[in-house]
Amino acid sequence: MRYVPRLMQPPEPVSGRYGPYGGRYVAETLMPALDELTHAYEESQGDPAFQAELGSLLHHYAGRETPTYFASRLSEELGSRIWLKREDLCHTGAHKVNNTIGQILLAKRMGKTRIIAETGAGQHGVATATACALMGLPCEVYMGAEDVRRQAPNVRRMELLGAEVHSVTSGSATLKDAMNEALRDWVTNVRTTHYCVGSVAGPHPYPLIVRDFQAVIGQEARAQMLEQAGRLPDAVVACVGGGSNAMGIFAGFIDDESVRLIGVEAAGEGIETGRHAAPLCEGDVGVLHGAKSYVLQTPDGQIKEAHSISAGLDYPGVGPEHAWLKDIGRATYVSVTDDAALDAFQQLCRTEGIIPALETSHAFAYLPAVAKELGSDADILVCLSGRGDKDLETVLQKLKERG
Amino acid sequence: MGRIAHAFENARNENRAALVIYLCAGDPDLSTTADLVVAAAESGADVIELGVPFSDPTADGPAIQRAAERSLAGGTTLAKVLDTVSAIRGRTDVPILLFGYYNPILSYGEQKLVDDAAQSGADGFLVVNLPPEESAGLRGPAVDKGLDFVPLVAPTSNPERIAQAASAATSFIYYVSMTGVTGSKAADLASASERAGALQRELGRPVAIGFGIKTKEDVSTVAPHVDGVVVGSAVVRTIEDAASPDEAVASVRALVSELAQGLGRR
Ligand SMILES: Cc1ncc(COP(=O)(O)O)c(C=O)c1O
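A brief report on the enclosed structure follows. None of these values were measured; they are calculated from a predicted model.

We now examine the overall build of chain A. A tally of helices and strands in chain A yields 16 helices and 14 strands. Taken over the C-alpha trace, chain A has a radius of gyration of 20 Å; the compact-globule value for 403 residues is 22 Å, and the two agree within 12%. Dimensions of chain A along its principal axes, counting C-alpha atoms only, are 80 × 50 × 45 Å. Expressed as a percentage of the 403 residues in chain A, the buried residues total 64%. Excluding contacts between residues fewer than 6 apart, the proportion of contacts in chain A whose partners are at least 24 apart in sequence is 74%. Each charge sign in chain A was given a centre, from 37 positive and 51 negative side chains, and these centres are 2 Å apart.

Have a look at this one:
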C-alpha cells in the first residue's frame with residue numbers, strides 16, 4: 001500500500017507576506033535555519049538585555065543618533081526646505097551598520113560561529129566585517145568581480161578588518177551573482193553559519209528583520225523633524241537598491257498619511273535603453289533570492305542583468321515590502337539616470353561640503369522634481385544613506401569621459 | 001498510478017533501486033537532449049529528471065551552472081522544453097520529471113504549465129526553491145491533472161517538516177544526501193543512505209537519494225537502503241566533456257549502463 005498518494009493539503013504559506021509579496025522560496029535545506037532565525041529574532045524583541053546591548057552599541061560604537069541637518073544652500077538652489085538624515089556619519093560611513101550590528105548579535109545568540117554576507121558597493125561587506133571584528137567572529141564576503149574592481153577601497157577595508165573577500169565571476173559579476181554564491185555557501189554550511197543579508201530582500205524573515213533594524217533611521221528623523229522644523233516633512237526621499245535605507249526611513253512615517261514617501265531607483269543609461277536597475281518602475285512580479293517581488297526578467301522568466309553606475313543599486317530585484325507599498329500606493333517609485341546622479345553628486349559636494357555615495361546621489365537627483373512640485377513652503381527629508389569616498393575613482397573617471 | 005510510481009514499483013519488483021538520471025534540457029541542444037533521454041532510458045534509467053535551465057541556479061554547483069548557461073545561451077525556454085518532451089514521447093515512455101526553479105514556472109503561469117506539461121507527456125514537477133508552504137499554486141493543479149509533485153527532504157529537516165513533505169508527496173520523496181549544492185563531494189554516503197532508508201520505512205513511501213552520487217560504487221553503496229538513486233552532475237560533466245553530440249550520447253549510454261549495474265539490493 002506504499003504507493004497510494006495521500007493527498008493531504010500542504011500547509012498555508014508562511015507569514016512574512018506583504019500582500020502577495022515576500023514568502024520563502026528557498027531550498028528545503030535552508031528552511032529550518034529561517035525558522036530558527038525567526039524564532040531568535042522574536043525572542044530578542046522581548047529581551048531587554050538584547051535591546052540594551054544593541055542600543056548601547058548603536059550609540060557608543062556606531063555613533064547614533066545621527067543628525068538631521070537643514071541644508072540651507074541646497075535648499076536655496078532647489079527652492080524647498082531640504083533636510084538631510086545623516087547616515088553618512090554612522091561608523092563605516094553608511095546606514096548598513098545599523099543592520100549588521102543587530103544581525104551579528106542575533107547570530108551570537110543562535111550560537112553561530114561563522115558569518116557570510118554578499119555585498120555590492122562594499123558598504124554592507126564593510127559593515128558586516130566591522131561587526132564581526134567587534135564581536136570576534138570570522139567573516140567571509142561574496143562580491144561580484146565587477147564590484148571588486150569599481151569599489152576597490154572597500155575591498156581593502158574588508159581585508160584590513162579581517163574578512164575574506166571572494167570575487168564572484170559568474171553571471172554579470174555584480175550583486176545578484178554575489179548573492180547567488182552566498183546562498184550556495186549558506187546551503188553548504190548552514191549549521192554553523194549565519195548569512196547576514198544586507199538589505200530588505202531575501203526570504204522571510206530577512207525583509208522584516210532588516211527593516212526593523214533600519215527603522216531607527218525613520219524613528220530618529222521623525223522626532224528630529226518635529227523638534228527642529230516643528231512639523232513633519234511633506235515628503236521623504238530615499239534611494240532604493242534592495243531597499244533597506246528607504247524602508248528604514250519610511251518606517252518612521254508610514255502611518256503619517258500626509259507624508260509622501262518617494263523611492264528612487266537607478267535608471268542606469270536610461271530606461272529606454274533597457275540598461276537600468278529599476279524593477280519597481282519597469283519590472284514584473286517574480287521570485288528571486290527567496291522572495292516574491294518585482295524583478296527585471298525576460299518574458300521566459302530568466303533574470304536580467306541590471307545596470308547602474310552605482311554598485312549598491314545594481315540589482316535586478318527589490319525588497320517585497322516596497323512592492324506592496326507600490327501596489328497600495330503608499331509609496332511612489334521613480335528612477336534617475338547615471339548622469340543625473342553624477343550631477344547631484346557634484347551639487348551636494350559644492351553646496352553643502354558633503355560627498356555622498358553614488359547610491360545616495362540618486363535620491364538627490366530626484367529632489368529638483370519634488371521641490372518643483374511642492375514649492376517653497378515644503379519640507380523635504382532626504383536619507384543621506386552613505387558617504388562617497390569609495391566612489392571617487394568611478395566619479396572622476398566618468399567626469400573625465402563626459403569632458 | 002502514474003508512470004513515476006510505476007517505475008519505482010517495477011524496480012522494487014526486480015529487487016533493485018530505481019535509477020533517476022538528471023539531464024539539463026538544451027545542453028548541448030534540445031534535439032540532442034531528446035537523443036540523450038532515449039539513450040539513458042535504453043541503458044537503464046528508470047526516471048529522467050529533465051532540468052529546465054534558470055539564470056540563477058542557487059542550489060547548483062559549477063557543473064550544472066555551466067550546463068544551464070550553455071542551454072540558455074542556445075535559446076532554451078520552458079515552452080521549448082515542453083516541445084522536446086512531446087517529441088521524446090514518440091520514442092520512449094520513460095517517466096519525465098521536470099526539474100527546476102520557480103521563476104520560469106511563475107512567469108509561464110502555473111495552471112497553463114500544468115495543462116501544457118500534461119499535454120506534452122511530462123509526468124511531474126520538482127521545484128528546488130518551492131517548499132511545501134509555497135507550493136499550493138503548482139501542486140494543486142498538478143494533482144488535479146494526475147501529475148506528480150516531488151518534495152525534498154534535507155538533512156536539516158525536522159520531524160515536522162518531514163511530515164509536511166510526506167503529505168505533499170504524490171509519488172516519491174527526494175532526500176538530499178548532504179547540506180550543499182549539486183555536484184559537491186558527499187561526506188558519507190553510507191550513513192546518508194541509512195538515514196534515507198529509515199525515512200522511507202517511517203513514511204511508508206519511496207525515497208530517492210541524490211547529491212554527491214557519481215559512480216557505480218556510490219550507487220551500490222546507497223541502493224540497498226532506498227528505492228531510488230539520483231545521478232546528476234556526473235552525467236552533466238560527461239556531456240560537457242564530449243567532443244560532439246554523438247559522442248555525448250554514446251558516453252551517457254556507457255555511463256548509465258555502468259551506473260545501472262550498481263542498483264541491486266544484494
Ligand atoms: C550608501 C548606500 N546607500 C544605499 C544602498 C542601497 O541599498 P539599500 O537600498 O538596501 O539601502 C547602498 C548599498 O550598498 C549603499 O551603500
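Having put the structure on the table, let's press on.
Attention shifts here to the sheet that holds strand S7 (residues 164-168) of chain A. Strand pairs in the sheet, formed through backbone hydrogen bonds, run parallel or antiparallel to each other. Residues and elements named next belong to chain A. Spatially, four strands are ordered S7-S6-S5-S8 in an open sheet, and the strand pairing comes out parallel. The open sheet has two free edges, formed respectively by S7 and strand S8 (193-195), since each of these has just one partner strand. Between one strand and the next, the sheet's axes are offset by a mean angle of 20 degrees, whatever the strand orientation. Those strands touched by helix H5 (residues 123-135) are strand S5 (114-119) and strand S6 (139-144), and its axis lies near 165 degrees from that of S5.

Let's shift gears to the pattern of salt bridges. Residue and element names in this part refer to chain A. Summed over all chains, the structure comprises 48 salt bridges over all chains. The partner of Glu77 in a salt bridge is Arg350, with the nearest N and O atoms 3.4 Å apart. With Glu77 in helix H3 (residues 72-78) and Arg350 in helix H13 (residues 338-352), the pair connects residues that are 273 residues apart, well separated along the chain. The exposure class assigned to Arg350 is exposed, which follows from its relative accessible area of 54%. Within this structure, Arg81, Arg231, Asp234, Asp377 and Asp379 form a network of salt bridges that share partners.

What follows is about the packing of aromatic side chains. Evaluated as defined, the whole model comprises twelve aromatic pairs over all chains. A centroid spacing of 6.3 Å and a plane angle of 70 degrees characterise the contact between Trp186 of chain A and Tyr206 of chain A, whose relative ring orientation is edge-to-face. You can see Trp186 of chain A sitting in helix H8 (residues 175-189) and its partner Tyr206 of chain A sitting in helix H9 (residues 206-228), a full 20 residues away along the chain. Residue classification places Trp186 of chain A among the buried residues on the basis of a relative accessible area of 3%. Classification of Tyr206 of chain A as buried rests on a relative accessible area of 1%. The rings of Tyr22, Phe99, Tyr174 and Phe211 of chain B are connected pair by pair, giving a single aromatic cluster. Note that Lys326 of chain A overlies the ring of Tyr294 of chain A, its terminal NZ or CZ placed 5.4 Å from the centroid.

Our focus in this paragraph is helix H4 (residues 96-109) of chain A. All names here are of chain A. Helix length check: H4, at 14 residues, gives a terminal C-alpha distance of 20 Å against a target of 20 Å (1.5 Å per residue), a fit within 8%. Turning to H4, its buried residues number three or more, namely Lys96, Val97, Asn98, Asn99, Thr100, Ile101, Gly102, Gln103, Ile104, Leu105, Leu106 and Ala107. Two residues or fewer after H4 comes Gly111, characterised by a positive phi angle close to 75 degrees.

Within the largest apolar cluster, 163 residues are counted, with the highest numbers of intra-cluster contacts made by Ile101 of chain A together with Ile21, Ile48, Leu50, Leu98, Phe125 and Tyr174 of chain B. The next biggest cluster of nonpolar side chains, apart from the first, holds 29 residues, and it includes Val264, Ala266, Leu296 and Leu348 of chain A.

As a further point, take the interface of chain B and chain A. Counting residues at the interface gives 48 residues for chain B, matched by 45 residues for chain A. Surface buried jointly by chain B and chain A totals about 4000 Å² across both partners, of which 50% is contributed by carbon and sulfur atoms. The three residues of chain B that bury the most area against chain A are Asp56, Glu133 and Glu134 of chain B, which together make up 14% of that side's buried surface. At the boundary of chain B with chain A, the tally comes to three salt bridges. Across the pair Arg161 of chain B and Glu28 of chain A runs a salt bridge whose closest N-O atoms are separated by 2.8 Å. If you look at where chain B meets chain A, you find 20 residue pairs in polar contact (both at pLDDT 80 or more). Taken together, the elements giving at least two residues each to the side of chain B that touches chain A come down to helix H1 (3-13), helix H3 (62-73), helix H5 (102-108), helix H7 (136-144), strand S6 (152-153), helix H8 (159-168) and helix H9 (189-203) of chain B. Split into classes, the residues belonging to the side of chain B that touches chain A amount to 21 nonpolar, 17 polar and ten charged.

Residue and element names in this part refer to chain A. Here Arg64 and Glu65 are connected by a cis peptide whose omega angle stands at 5 degrees. Among the structural elements, Glu65 can be located in the loop between helix H2 (48-61) and strand S3 (68-70). At the junction of His204 and Pro205, the peptide bond is cis and its omega measures out at 15 degrees in the coordinates. On the secondary structure map, Pro205 appears in the loop between S8 and H9.

All names here are of chain B. Pairing is parallel across the open sheet formed by nine strands, whose spatial order is S5-S4-S3-S2-S1-S9-S8-S7-S6. The outermost strands of the open sheet, each flanked by one partner alone, are strand S5 (148-149) and S6. One ladder, built from five bridges, connects strand S1 (residues 18-24) with strand S2 (residues 47-51); its direction is parallel. Each residue of the ladder has a partner; that of Val20, found in S2, is Val47. Here helix H11 (residues 233-241) sits on the sheet in contact with S1 and strand S9 (228-231), set at roughly 45 degrees to S1.

Let us now look at the pairing of S2 of chain B. Most of S2 of chain B sits out of view: five of its five residues are buried. Neither face of S2 of chain B is open: one carries Val47, Glu49 and Gly51 of chain B, the other Ile48 and Leu50 of chain B, and all of them are buried.

Residue and element names in this part refer to chain A. Contact geometry of H13 with helix H14 (residues 358-365) gives a least axis separation of 8 Å together with a crossing angle of 90 degrees. By the angle class used here, H13 and H14 are roughly perpendicular. Facing Ala340, Ala341, Leu342, Ala344, Phe345 and Leu348 of H13, the residues of H14 in contact are Leu358, Ser361, His362, Phe364 and Ala365. A class-by-class count of the residues in the contact of H13 with H14 yields nine nonpolar, two polar and no charged.

Residue and element names in this part refer to chain A. Along the polypeptide, Ser167 turns up in strand S7. C-alpha of Ser167 to C-alpha of Asp377: the two residues are 210 residues apart in sequence and 49 Å apart in space. Not counting the four nearest positions on each side in its chain, Ser167 is found in contact with Met143, Ala145 and Val148.

What counts as what
Residues numbered from 1 in each chain as written. Chains lettered and ligands numbered in written order. Predicted model: local features only at pLDDT ≥ 70, side-chain atom pairs only at ≥ 80, totals over all residues. Heavy atoms only, no water. Helix = DSSP H or I, 4+ residues; strand = E, 2+ residues; numbered from the N terminus. Rg over C-alpha atoms; globule rule 2.2 N^0.38 Å. Buried < 20%, exposed > 50% of the residue type's maximum accessible area, 1.4 Å probe, protein only. Contact = heavy atoms within 4.5 Å. Lys, Arg positive; Asp, Glu negative; His and termini not counted. Charge placed at Lys NZ, Arg CZ, Asp CG, Glu CD. Pairing = 2+ DSSP bridges. Axes fitted to C-alpha atoms, helices over the stretch in contact; angles between N-to-C directions. Salt bridge = Lys/Arg side-chain N within 4 Å of Asp/Glu carboxyl O. Phe/Tyr/Trp six-rings, centres within 6.5 Å; stacked < 30°, edge-to-face > 60°. Lys NZ or Arg CZ within 6 Å of the ring centre and 35° of its normal. Expected span 1.5 Å × (residues − 1). Core = buried A, V, L, I, M, F, W, Y, C linked by side-chain atoms within 4.5 Å. Buried area = accessible area lost by both parts, 1.4 Å probe. Polar contact = N/O pair within 3.5 Å; in protein donor to acceptor, adjacent residues only side chain to side chain. Nonpolar A, V, L, I, M, F, W, Y, C, P; charged D, E, K, R; others polar. Parallel < 35°, antiparallel > 145°, perpendicular 65-115°, else oblique.

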